[in-house]
Structure formats: C-alpha cells, structure tokens
Amino acid sequence: MKRVPNHPGPSRRALLTVGTGAVLAAGCAPAGGPAAPGPGSSGSASPGRPAGGPTPGVMTLFQDPAYNFNGLFALGGAGAGSSEVGEVLTAVNAINRAGLSAQTYVDTFRKLGDRLLKAPPGAPADGQTRRFRALRAAQYYAQALFFVLGSDAPGSEEQLYKSGRNAWDTFCDLCEPAAVKATVPYGNTPLPVWFFRPDEAVTPRPTVILTNGSDGQNVDMWTYGVPAALARGWNALVYDGPGQGQLLFVDRVVFTPTWEKVVSPLVDWLTARRDVDPRKIALTGLSMAGDLAPRAAAFDERIAALVAMPGCIDPWLGFPPGIRKILTPGKQQTNDIWNKEVAPALPPADAAVMKKRFEPFSVPAMLEARQGKLFTDFYTPATRIRALAITDVVGRIKAPTLVLDYDDEQFYPGQPRRLYDKLTGPKDYLKLTAAEGAQLHCSPMAPQLHCEVVFDWLQHTLSGS
C-alpha cells in the first residue's frame, strides 16, 4: 500500500478499518461510539443481537448502533417531557420502513418537529400544550440536525439549527416563570443564556450551570438537569459556549481549550443576581463537557461543586489510534496524509461522520461540509481537539467533585477513573450500570436516574456550604 514518503504512519487501508463507529468516539454526543459502526459500515448490528449486548431487546431501535444510540436519547427524554414515546417509536418505525439512512432520519424527525409547532387536533392549544409541544419539537429538530451533513441537503444545517432554536425559545418563553433570556460577554461574541427559576422570588438559591458537550443542544440540558434542579428549589443556567449551538452554527466560533474563560463570565453574571447564592454555584459537564467543566473549575474557585458526566481528561484519545496517527508535527505532512491517503477512500457514511466530528473545531470544515465537501485541513481541527487535554490542570481543582462513569462507555473508556485518580480534593466516583438500564455514554435510557444521582450528590455536598 502506498504511503506518503518518509512517513511511518498508517496506510489508507489500515485507517479505514477503524470504521465509522470508532471515529464517532472522537466527540461527545448524543451519538455513536467505537462499538457502534455508522451507516454503511460492515460492522452494523444484526437483528439477532445478543441479549447481553449494550442495547438488548427493546433498546434496539435501529440495526445500526450509531443511529440507535442517537435515537435512545430521544426516547429517554420522555420522562422530562422532551419527547413522547409514541412519537419517537412511530418515527423509528417510519424510518425503518423507508430504509435507514441519514436522509430518512433527517426527513422524518424534521417533519415531526414541524408538525408539533402547528396546532394539535381538538380544542385550541393552551399555554401548557404549546409549551411542551415546542420542547418536543426542539428534541426532534436536534435529532435531524445531528445527521443533516450526511443527507442530500447539508446546506440546510444552519436553518435546521434555527428551527430547533426557535422551538426552544418558544418553550422557554412559556415556562412559568418564563426563563430569563440574556447574553453574557465573551470576547467578540456574547454567550446566549437561559436562566430557569422555581419562582420569581429573590431569595438566594443554589444554582447549577449546565454545560453541554460537542454536539448536544439546549434541549439536552433540559433533560439532564433543569427539571431536577427546579424540583429541588434550585436555579439552573443553560448556555451556548464556543463550538456549541448559536456560537457554532450562526456566529461561527469554534471550541476553545480555555473553558474557564467561558464559565467565569457566567459566574460573574450569576453572582450579580439577588436570587443566586454565590456560595452555592455548582457546575456540571455532560459528555465532552466532562473535560470542559473540570478545566473551568480548575481556574475558578467560585465553583462550589463539580460533576463530570463522564469524567474525561483528553478528548483526542476518543479517536481511534489510526486516526490519531494522521496528526504529525508538520501541518503540510499531516494534510498530505489526510488528502492523499485517507480522504479519497472514505466511504460516504464515514466521511459524513468526520465532517460532523470536526465541524465544532473548524469553521472552514463546517462550511465545506455544508457544500457536501470533506475538509482538506485535518491538522488545524485535530490540533485544537488535542489541546483540550486537561491532564496537567486536574490537580488544581479544589471543589468537591463527582466523577460519573457508565457500563459500556463508548467514547472515553477508562478516562473517568483516570480523572478521579488525578483529583487531589474531595471526590467521589460512581458508575451507572446496565443492571439499572443506565449503560452507555451519558445513560441515554436513564436520564431520570442520572439526574437523581447527580442532584442527590449536589444537595448533600452543598448542604453545609
């Protein structure tokens, strides 16, 4: 097999054997994993998957595990009102009948979102009905958004994001009390925030800052924290940081490794409010934010408690070794390997996954993907991902920290324990298990249990603060 001259790295054939599912491990989800080959790969699951597999029985919505994993998040959101079981299963059946593909997945969930923003059958919808239909619409648009770059209309990505954002904002406006919508200064591009309160009293309360991962949407932060916080009399802050939501899809701002520069302005904004107890501000990080949130806590001592869900110290290690070997100290050499050896032989499904995983780290990659093209600069986004490693700063964290892990963790296996071991302050480690139906990255089928574990720990930890 031909190689780039003077480079000892992997051959094109060796790189391609990793499969889409392994590449999916590069980011944080909701989607995919190294044990979850993507559409069109030879490793797709068979209908006869053994009962002891990561998603046995009724947890298998799609034969392809990457799509299945994404769909599980939609189904699991039902407990928080961010989906409806019947709606999700009907969509799944429609997709399977049509033939599973990025196109059928995107079309089906987009149409479901469109339908929910229209009036329901029967009497005119009241505020509560419109509120939760908008929340479910936001979920379904997010499902479509995840796979749109692999569809026939990748250029619709920004508009699809805006549809989901409009549904989310509609939901927030109809909450009681309405979520406070504001912007917080950050460089040249302010951060949009949504501040949820149990009521409009100005009594200082504990507050949790909910941090999303590399391709989650605001609706995921609702499922993974807002109702649990409100039920306990806490405030909850949801936000888009660089590489996320509005900042990525509209403002075109990519991820930064210095996440403390993102969180500290949020803490400034919170401590200026009379309804926030400045001694009881907690920070959670879901998926790849299990790396971002600890980084922020290492540099801002106002964080009173930290939860990493799961713990992650180096997102770059989530990529398979064959992909990581493409990155060399030289930009030209790296990109020659990518463009001459790897990219030309990538199957379309694998190429779509790479587009999705790299877009939060490269505006050119995102814009090329929207034109149906695969990026040509591998070096720049890969270097940015590698810069997210927090190995050298974990020892600075003083806040009590809960590190979550999961049975069958696909993205960052072993990393939660490594983060826990490096912590020098008060710390706890907890693995959620298949016996509880809470297996896989972020427990997609058990977000209620997930929130119970997290908020019980937060309540206990901050009760004496």
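Because the structure is a prediction, the values reported are computed rather than measured. Each chain has its residues counted from 1, running along the sequence as written. Selection of residues for local features in this predicted model requires a pLDDT of at least 70, selection of side-chain atom pairs for listing and counting requires 80 or more, and totals for whole chains, interfaces and linings are taken over all residues. Water and hydrogen atoms play no part in the side-chain values, which are based on all heavy atoms of the structure.

**Notes on the overall build of the protein**
The numbering of helices and of strands both runs from the N terminus, where a helix is a DSSP run of H or I of at least 4 residues and a strand a run of E of at least 2. Across its full length, the protein carries 19 helices and eight strands. Per-residue burial over the protein gives 61% buried out of 465 residues. Put simply, 73% of the contacts in the protein that link residues at least 6 apart link residues at least 24 apart. What sets the accessible areas is the Shrake-Rupley method with a 1.4 Å probe; for residues, cover comes only from the shown protein chains. In the form shown here, the protein has an accessible surface area of approximately 17100 Å², with 52% of it arising from carbon and sulfur atoms. Classification of residues uses two cut-offs on accessible area relative to the type maximum, computed with a 1.4 Å probe and protein chains only: under 20% is buried, over 50% is exposed, and between them is partly exposed. Note on definitions: a residue-residue contact is assigned when non-hydrogen atoms from the two residues lie within 4.5 Å.

**Comments concerning the nonpolar core**
What makes a nonpolar core is a set of buried Ala, Val, Leu, Ile, Met, Phe, Trp, Tyr and Cys residues whose side-chain atoms join them at distances within 4.5 Å. In terms of nonpolar packing, the biggest core is built from 144 residues, with Trp168, Phe196, Ile209, Trp338, Phe378 and Leu458 touching the most fellow members. The leading source of residues in this core is helix H6 (residues 127-147), at 11 residues.

**Things to note about the pattern of salt bridges**
Here, a salt bridge means any side-chain nitrogen of Lys or Arg that lies within 4 Å of a carboxyl oxygen of Asp or Glu. Inspection of the entire model under this criterion finds 18 salt bridges. Among the ionic contacts, a cluster of salt bridges with common partners joins Glu157, Glu158, Lys162 and Arg370.

**Here's the deal with helix H17 (residues 379-386)**
Within H17 the residues assigned to the buried category are Tyr379, Thr380, Pro381, Ala382 and Ile385. Looking at the buried residues of H17, the elements they touch are helix H14 (331-342) and helix H15 (348-358).

**Focus: the state of the cysteines**
Disulfide assignment relies on a single distance test, namely cysteine sulfur atoms paired within 2.5 Å. Tallied over the entire structure, the rule returns zero disulfides. In this structure Cys175 is not part of a disulfide, and its nearest cysteine sulfur, from Cys172, lies 5.6 Å away. Taking relative accessible area as the criterion, Cys175 reaches 7% and is therefore assigned buried.

**Some remarks on the sheet that holds strand E2 (residues 191-196)**
Two strands pair if DSSP finds at least two bridges between them. Read from one edge of the open sheet, eight strands run E1-E2-E4-E3-E5-E6-E7-E8, paired in mixed fashion. Of all the strands in the sheet, just strand E1 (180-184) and strand E8 (427-432) have a single pairing partner and so form its edges. On average, adjacent strands in this sheet sit at an angle of 20° to one another, irrespective of strand direction. Here strand E3 (residues 205-211) runs beside strand E5 (residues 276-286); their pairing, made up of six bridges, is parallel. Within E5, the residue paired with Leu210 across the bridge is Thr284. Interaxial angles span 0 to 180 degrees and are taken between N-to-C directions of axes, which are lines fitted to C-alpha atoms, for helices over the stretch in contact.

**Observations regarding the confidence of the model for the protein**
In the predicted model, the protein carries a mean pLDDT of 90, and 88% of its residues have values of at least 70. Across residues 1-51, where pLDDT falls below 50, the model places 140 contacts with residues more than four positions away in sequence or in other chains. Residue-level confidence of the predictor, termed pLDDT, takes values from 0 up to 100.

**Some points on unusual backbone geometry**
Geometrically, the link from Glu176 to Pro177 is a cis peptide bond, its omega value of -5° lying close to zero. Mapping Pro177 onto the fold places it in the loop between helix H7 (157-174) and E1. Even without glycine at this site, Leu440 takes up a positive phi of about 75°. On the secondary structure map, Leu440 appears in the loop between E8 and helix H19 (447-462). Backbone geometry at Ser443 places phi at a positive 50°, although glycine is not the residue there. Its relative accessible area of 0% is what places Ser443 among the buried residues.

**Remarks on the packing of helix H3 (residues 65-76) against helix H4 (residues 85-98)**
Packing of H3 against H4 leaves a shortest axis separation of 8 Å and a crossing angle of 155°. Between H3 and H4, the angle falls in the class roughly antiparallel. Every residue of H4 that contacts H3 at Gly71, Ala74 and Leu75 is listed here: Val85, Val88 and Leu89. Class assignment of the residues belonging to the contact of H3 with H4 gives a composition of five nonpolar, one polar and no charged. Each angle receives one of four descriptions, namely roughly parallel if under 35 degrees, roughly antiparallel if over 145, roughly perpendicular if within 65 to 115, and oblique otherwise. As a working rule, the residues Ala, Val, Leu, Ile, Met, Phe, Trp, Tyr, Cys and Pro are called nonpolar, Asp, Glu, Lys and Arg charged, and the rest polar, with Gly in that last group.

**Comments concerning helix H5 (residues 102-116)**
Every helix has an expected span of 1.5 Å times one less than the residues it contains. With 15 residues, H5 should cover 21 Å at 1.5 Å per step; its first-to-last C-alpha distance of 21 Å lies within 8% of that length. Residues Ala102, Thr104, Tyr105, Val106, Thr108, Phe109, Leu112, Gly113 and Leu116 constitute the buried set of H5. Residues of H5 that are buried make contact with H3, H4 and H6.

**Topic: the pairing of E5**
Counting buried positions along E5 yields nine of 11 residues, so the element is predominantly enclosed. As paired strands, E5 and strand E6 (residues 305-309) are joined by five bridges and run parallel to one another. Bridge pairing in E6 links Thr284 to Val307. Orient the strands so they point away from the viewer, and a crossover whose first-strand-to-second-strand path over the helix runs clockwise is right-handed. A crossover links E5 with its parallel partner E6, the connecting element being helix H12 (residues 289-299), and its sense is right-handed.

**Observations concerning the environment of Lys356**
Relative to the helices and strands, Lys356 resides in helix H15. With 10 residues separating them along the chain, Lys356 and Met366 place their C-alpha atoms 8.0 Å apart. When sequence neighbours within four positions are dropped, the list of residues in contact with Lys356 reads Leu145, Phe146, Leu149, Asp215 and Phe249. We define a polar contact as two N or O atoms separated by no more than 3.5 Å, with the added condition that, inside protein, one atom must be a possible hydrogen donor and the other a possible acceptor, whereas residues neighbouring each other in sequence contribute only through side-chain atom pairs. Within the local environment of Lys356, its side chain forms a polar contact with the side chain of Glu359, the two groups lying 3.4 Å apart.

**Quick word on the packing of aromatic side chains**
Whether two aromatic rings pair depends on their centres lying within 6.5 Å, for rings of Phe, Tyr and Trp, where Trp uses its six-membered ring; planes under 30 degrees apart make the pair stacked, over 60 edge-to-face, and the rest tilted. For the coordinates displayed, the defined rule picks out 29 aromatic pairs. With a centroid separation of 5.8 Å and 40° between ring planes, the pair formed by Phe255 and Trp259 is classed as tilted. On the basis of relative accessible area, Phe255 is assigned to the buried category, the value being 5%. Against the face of Tyr429 rests Arg417, its NZ or CZ located 3.9 Å from the ring centre. Lysine NZ or arginine CZ positioned within 6 Å of the ring centre and within 35 degrees of the ring normal marks a charge as sitting over the ring. Sitting over the face of the ring of Tyr420, Lys427 holds its NZ or CZ atom 4.5 Å from the ring centroid.

**A word on the side chain of Arg136**
Secondary-structure assignment places Arg136 in helix H6. Side chain to side chain, Arg136 and Glu87 meet in a polar contact 2.9 Å long.

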